[in-house]
Every structure is written in C-alpha cells, then in structure tokens.
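Chain and residue survey
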Amino acid sequence: MLARFGIPKRTNQSALSRRYTLGYTFDVTPSRAIALIRECLDQGRVKVHRHFVERMVERGLFWPDVLAIVEHPNGARCDGVDSLGRPRWLVRGDIAPGLSAEFLAVLDRDEQGRMIALITIYFEDR
C-alpha cells in the first residue's frame, strides 16, 4: 500500500505493533538530529506510522516531499519525549516555492542501531 505514495519498500513498517524498552537518552543539537534523520532515511532505517501515511494522503503529500524537507530543512526543534521516552523532533522545510511543511520524527534504536519513526506531517503556517 505505501509504495503507491512513493515510500520505499525497504522501509520497516512494523511500528504500530512494536514495544520498546529504552535505557538511553539522545543529547543532540538540531543540526545533528537532522543529520541522524537523513542518515536513517538514506539507509531505510525508518518506521512509518499509519497516522503519518493518513496525513500524507489527506494533505496530498508524497515521499519526495518528506525527502525535500530533510534535504533542505529550514530548522528543527526538540518537542520533548513521547510516552516511551523517545526524543521527538519537529523538522520543517520548503516543499515548493512558498509552501512549507513540518514532520514529527522520533529518534529511536533497534537491534541494529539507530532508526527513526515518522509520526505525522502537516503544512507549516507562515
């Protein structure tokens, strides 16, 4: 289903059924968070939540829009931690001239190392 929205098939989509036990913290700057997110996207170390896909469809966004935000971000800010203690990062960027969007990513780790979970995406008010 997600392939029709341009989301790579190698993307791990089992985020909804997974539980985490975390005993670590991330202490990163906004530029490092963007670099980690970009690295995870490049390596396919991404969990895409159903809510994220639903918001993409609702708003007429596609996977290249997500990549555009990460490749040319206007900024990022930490939004605290989620209910499992994972750091939440809001990353914003232009997806077209005069049109900005922002997505929420959670930094996480699995058995193989770093990964991210994409939670939601929306247009940013200017």
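Here's a quick rundown of the structure. (Residues numbered from 1 in each chain as written. Predicted model: local features only at pLDDT ≥ 70, side-chain atom pairs only at ≥ 80, totals over all residues. Heavy atoms only, no water.)

**As for the environment of P87**
The condition that has to hold: Here a strand is any run of E in DSSP of at least two residues, a helix any run of H or I of at least four, and the numbering for each starts at the N terminus.
Structurally, the position occupied by P87 is in strand β3 (residues 87-96). Separated by 18 residues in the primary sequence, P87 and A105 place their C-alpha atoms 8.5 Å from one another.

**With respect to helix α2 (residues 50-59)**
Note the following rule: Summary of the burial criterion: residues with accessible area below 20% of their type's maximum are buried, those above 50% are exposed, and those between are partly exposed, where the area comes from a 1.4 Å probe applied to protein chains only. Arc, as used here, means the arc of the directions from the helix axis to the C-beta atoms. Whether two residues are in contact is decided by their heavy atoms, any of which lying within 4.5 Å being enough.
By the burial criterion, the buried members of α2 are F52, V53, R55 and M56. Taken end-on, α2 shows its buried residues confined to a sector of 160°, consistent with a single buried face. In α2, the exposed positions that point more than 90 degrees away from the buried face belong to R50 and E58. The secondary structure elements touched by the buried residues of α2 are β1 (46-48), α3 (63-71), β4 (99-110) and β5 (113-123). G60, located one to two residues past α2, shows a positive phi value of around 70°.

**Observations concerning the sheet that holds β4**
Just so we agree on the cut-off: Two strands pair under a simple rule: DSSP has to find at least two bridges between them. Think of each axis as a best-fit line through the C-alpha atoms, taken over the contacting stretch in the case of a helix, with angles from 0 to 180 degrees between the N-to-C directions.
Taken in spatial order, the five strands of this open sheet run β1-β5-β4-β3-β2, and their pairing is mixed. Because the sheet does not close on itself, it has two edges, and the strands there are β1 and β2 (73-81). For this sheet, the mean angle separating the axes of adjacent strands, direction not counted, is 30°. Taken together, the six bridges between β2 and β3 define a ladder with antiparallel strand orientation.

**Considerations on the packing of helix α1 (residues 30-43) against α3**
Selection criterion: Helix crossings get a hand from a simple test, with the near helix turned counterclockwise from the far one by less than a right angle marking a left-handed crossing and a clockwise turn marking a right-handed one. Polarity classes work like this: nonpolar for Ala, Val, Leu, Ile, Met, Phe, Trp, Tyr, Cys and Pro, charged for Asp, Glu, Lys and Arg, and polar for all others, with Gly in that last group.
Between α1 and α3, the shortest axis-to-axis distance is 10 Å and the interhelical angle comes to 145°. Viewed along their axes, α1 and α3 form a crossing whose handedness is left-handed. Listed contacts from α3 to I34, I37, R38 and L41 of α1 are W63, L67, V70 and E71. Here the contact of α1 with α3 is composed, by residue class, of six nonpolar, no polar and two charged.

**With respect to the environment of I119**
Counting through the fold element by element, I119 comes out in strand β5. Sequence separation between I119 and K47 is 72 residues; the distance between their C-alpha atoms is 8.8 Å. If we skip the residues at most four places from it in the chain, I119 touches H49, H51, F52, L104 and V106.

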